[in-house]
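# Overview (structure and organization)
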Amino acid sequence: MQLRYNYRAYPDAAQRRALASAFGCARVVWNDCLRDRKEAHAAGLPYVKSAELSRLRITQAKRTGERAWLADVSAVVLQQSLRDLDAAYKNFFDSVNGKRPGRKIGPARYKSKKDTRQSIRLNTNAFSLQEDGTVYVAKVGNLKIKWSRRLPAAPTSLTVTKDSSGRYFLSFVVDTAPDILPQVESECGIDLGLSAFAVLSDGQKIDSPRFLRRAEKELKRLQRELSRKVKGSKNRAKARIKVARQHAKVTDRRRDFHHKASTQIIRDNQAVYVEDLAVSGLGRTRLAKSVHDAGWSAFVRMLEYKATLHGRTFTKVGRAFPSSQVCSACGYRDGPKPLHVRQWTCGECHTVHDRDHNAARNVLCEGRRIVAAGRAETLNACGAPVRRAHVPAQRGEAGSPRKGHTTQAGIPGL
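Calculation criteria
Residues numbered from 1 in each chain as written. Predicted model: local features only at pLDDT ≥ 70, side-chain atom pairs only at ≥ 80, totals over all residues. Heavy atoms only, no water. Pairing = 2+ DSSP bridges. Helix = DSSP H or I, 4+ residues; strand = E, 2+ residues; numbered from the N terminus. Axes fitted to C-alpha atoms, helices over the stretch in contact; angles between N-to-C directions. Expected span 1.5 Å × (residues − 1). Contact = heavy atoms within 4.5 Å. 1 Å grid on protein atoms, 1.4 Å probe; cavity = no way out; pocket = protein on both sides within 12 Å on 5 of 7 lines; lining within 4 Å. Points joined across faces, edges and corners; volume = space filled by probe spheres on them. Nonpolar A, V, L, I, M, F, W, Y, C, P; charged D, E, K, R; others polar. Patch = residues over 30% accessible without salt bridge, like charges linked within 9 Å, V, L, I, M, F, W, Y side chains within 5 Å. Areas by Shrake-Rupley, 256 points an atom, 1.4 Å probe, with all protein chains shown as cover. Salt bridge = Lys/Arg side-chain N within 4 Å of Asp/Glu carboxyl O. Lys, Arg positive; Asp, Glu negative; His and termini not counted. Charge placed at Lys NZ, Arg CZ, Asp CG, Glu CD. Phe/Tyr/Trp six-rings, centres within 6.5 Å; stacked < 30°, edge-to-face > 60°. Buried < 20%, exposed > 50% of the residue type's maximum accessible area, 1.4 Å probe, protein only. Lys NZ or Arg CZ within 6 Å of the ring centre and 35° of its normal. Polar contact = N/O pair within 3.5 Å; in protein donor to acceptor, adjacent residues only side chain to side chain. Core = buried A, V, L, I, M, F, W, Y, C linked by side-chain atoms within 4.5 Å.

It is worth spelling out the sheet that holds strand β8 (residues 187-192) at this point. Sheet architecture is open: five strands sit in the order β10-β9-β8-β11-β12, paired in mixed fashion. Each end of this open sheet is capped by a strand with a single partner; those strands are β10 (205-207) and β12 (313-317). Neighbour to neighbour, the strand axes of the sheet diverge by 20° on average, direction disregarded. Sheet topology note: the β8/strand β11 (residues 271-275) ladder contains four bridges and is parallel.

Moving on, we come to helix α5 (residues 216-228). An ideal rise of 1.5 Å per residue puts 18 Å on 13 residues; α5 measures up with 18 Å between its terminal C-alpha atoms. Each element contacted by the buried residues of α5 is listed here: α4 (211-214), α6 (234-268) and α8 (288-294).

In the structure shown here, the tally under the stated rule is one cavity of 30 Å³ or more. In this structure, the largest cavity encloses a volume near 40 Å³. Considering the residues around the largest cavity, the lining is formed by Phe197, Ser208, Pro209, Arg210, Phe211, Arg254, Phe257, His258, Asp293 and Ala294. Residue assignment for the lining of the largest cavity shows that the elements contributing at least two residues are α6 and α8. Of the residues forming the lining of the largest cavity, the biggest block, three residues, is contributed by α6. For the lining of the largest cavity, the residue count by class is five nonpolar, two polar and three charged.

Before going further, it helps to spend a moment on a positive patch on the surface. Taken together, the side chains of Arg214, Arg245, Lys249 and Arg253 define a basic patch exposed on the protein surface. Broken down by element, the residue count for the positive patch peaks at three residues, all from α6. By the secondary structure assignment, arginine 253 is in helix α6.

In spatial order, the strands read β2-β6-β7-β1-β5-β4-β3; together these seven strands make up an open sheet with antiparallel pairing. The sheet is open, and its two borders are formed by β2 (118-123) and β3 (127-129), each paired with just one other strand. The sheet shows a mean angle of 30° between the axes of neighbouring strands, direction not considered.

Now for the packing of aromatic side chains. Enumeration according to the criterion identifies 11 aromatic pairs in this entry. A ring pair is formed by phenylalanine 197 and phenylalanine 257, whose centres lie 5.1 Å apart and whose planes are at 75°; its orientation type is edge-to-face. Taken as a pair, phenylalanine 197 in strand β9 (residues 196-200) and phenylalanine 257 in helix α6 lie far apart in primary sequence, 60 residues in all. Overall, phenylalanine 197 belongs to the buried group, its relative accessible area being 1%. Note on phenylalanine 257: relative accessible area 17%, which makes it buried. By the ring-pair criterion, three or more aromatic residues cluster together here, those being Tyr7, Phe127, Trp147 and Phe172. Lying over the aromatic face of tryptophan 344, lysine 337 brings its terminal NZ or CZ to 4.0 Å of the ring centre.

Here strand β1 (residues 2-10) runs beside strand β7 (residues 168-175); their pairing, made up of eight bridges, is antiparallel. Bridge assignment links leucine 3 to a residue of β7, and that residue is valine 174. Direction of pairing for β1 relative to strand β5 (residues 141-146): antiparallel, over a ladder of three bridges. The residue of β5 that forms the bridge with alanine 9 is isoleucine 145.

Note: strand β4 (residues 135-137) against β5, three bridges, orientation antiparallel. Bridge pairing in β5 places tyrosine 136 opposite asparagine 142. Between β4 and β5, which follow one another and run antiparallel, lie three residues, and lysine 139 among them has a positive phi close to 60°.

With that settled, consider the side chain of arginine 37. Tracing the sequence through the fold places arginine 37 in helix α1 (residues 13-42). Polar side-chain contacts of arginine 37 include one of 2.8 Å to the side chain of tyrosine 47. Only 3.3 Å separates the side chain of arginine 37 from the side chain of serine 50, close enough to count as a polar contact. When sequence neighbours within four positions are dropped, the list of residues in contact with arginine 37 reads Tyr47, Val48, Lys49, Ser50, Leu53, Leu85, Asp86 and Tyr89.

Let us look at the pattern of salt bridges. Tallied over the entire structure, the rule returns 21 salt bridges. Linking glutamate 216 and arginine 213 is a salt bridge whose minimum nitrogen-to-oxygen distance equals 3.6 Å. With a relative accessible area of 18%, glutamate 216 lands in the buried category. When its relative accessible area of 36% is taken as the criterion, arginine 213 is described as partly exposed.

With that out of the way, let us pick up the nonpolar core. In a soluble, globular protein the nonpolar side chains are often hidden away together inside. Counting 52 residues, the largest nonpolar core has Ile120, Val135, Leu158, Leu170 and Phe172 as its most contacted members. Ranked by size, the runner-up nonpolar core spans 27 residues in total, among them Ile206, Phe211, Phe257 and Val291.

A word on helix α3 (residues 75-97). In a regular helix each residue adds 1.5 Å, so 23 residues correspond to 33 Å; α3 covers 33 Å between its end C-alpha atoms and thus fits that length. Every buried residue of α3 is listed here: Val76, Val77, Leu78, Gln80, Ser81, Leu82, Leu85, Ala88, Tyr89, Asp94 and Ser95. Buried residues belonging to α3 abut α1, α2 (50-59) and β2. Glycine 98 sits one or two residues past α3 and shows a positive phi near 85°.

Below, the structure written as structure tokens:
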């Protein structure tokens, strides 16, 4: 399977200028190729192939006066930008035709130099790991990087990213074998909420950190200062970066909390069951800020890919399942309850339930039922389990290796 490892980079002034040029050239190639395909579609012409776009917008464009500066960056950056556009079109077509599950994906859009995220993607021909711990990027130089952990294998691709706060990151994709953990007997159902971030079926509660709420006072102050600056001035640009850095701190703290909580749950339980919440719908209610502050979707995605990585069972329970209405002791359905009701008594067996704990136990029972019903379908004719599907690399940073496990490949000199 593929894993993605993210590291902070510290380019100098010359390297920052080279990276800015690479970001701009990749963006221009993307926009030029996208424009050609849109114009061909509007004129009723056939779909423009990638080979034709590469010849017109990369090879021949370098020989013209208005696009001669494309030769200042690595050709790999430009080719990968075109491949990313092809992938965007393929995802859109697969989503329209129903081949791609999940939410519908819109068509590719133009990129702008004012976007909050600038990035380029490289293959192994355009970057290499050096003995002194730096990373060589073609026509940029050796980038200083903060190695927070070792790579478990040689990387197959590299993405250089600059965020809205001016920070640079190097994201490596590596192919590695699953790290199967020893089997344990415990299983857990998880009920996600706002008063408590998560309640497990064994009664454990994970408090909600509310990172955005805790940073609101400082954010309001910085945003007031930003609104008072003259548009287009350098002081406004400095104030915008301060606001972006404060938001980046909130995001980093939330991601770190999600990684630690999800890793602990996966290591302690052989099977994990969680309710499939309609986060996009809840994000349009009066609880929108609290819902987005909790970050349920990112947490569930981490649980899913870590379960695949470590050989655990992970199942989502349908959002229509009435986990808060059913008594986990006798199975009697007691009807819907408003959110302010945190405890209730079953009308059949008179058991007093904590709302979240009861829901977590119901999610556990429903998850076990789903796995038991689907387990026969996942076996082939010989009775052997079917091989796991390919799991792509996650956008978020991969987890740290477990203590006591050494890696076979890594960064030389570390």
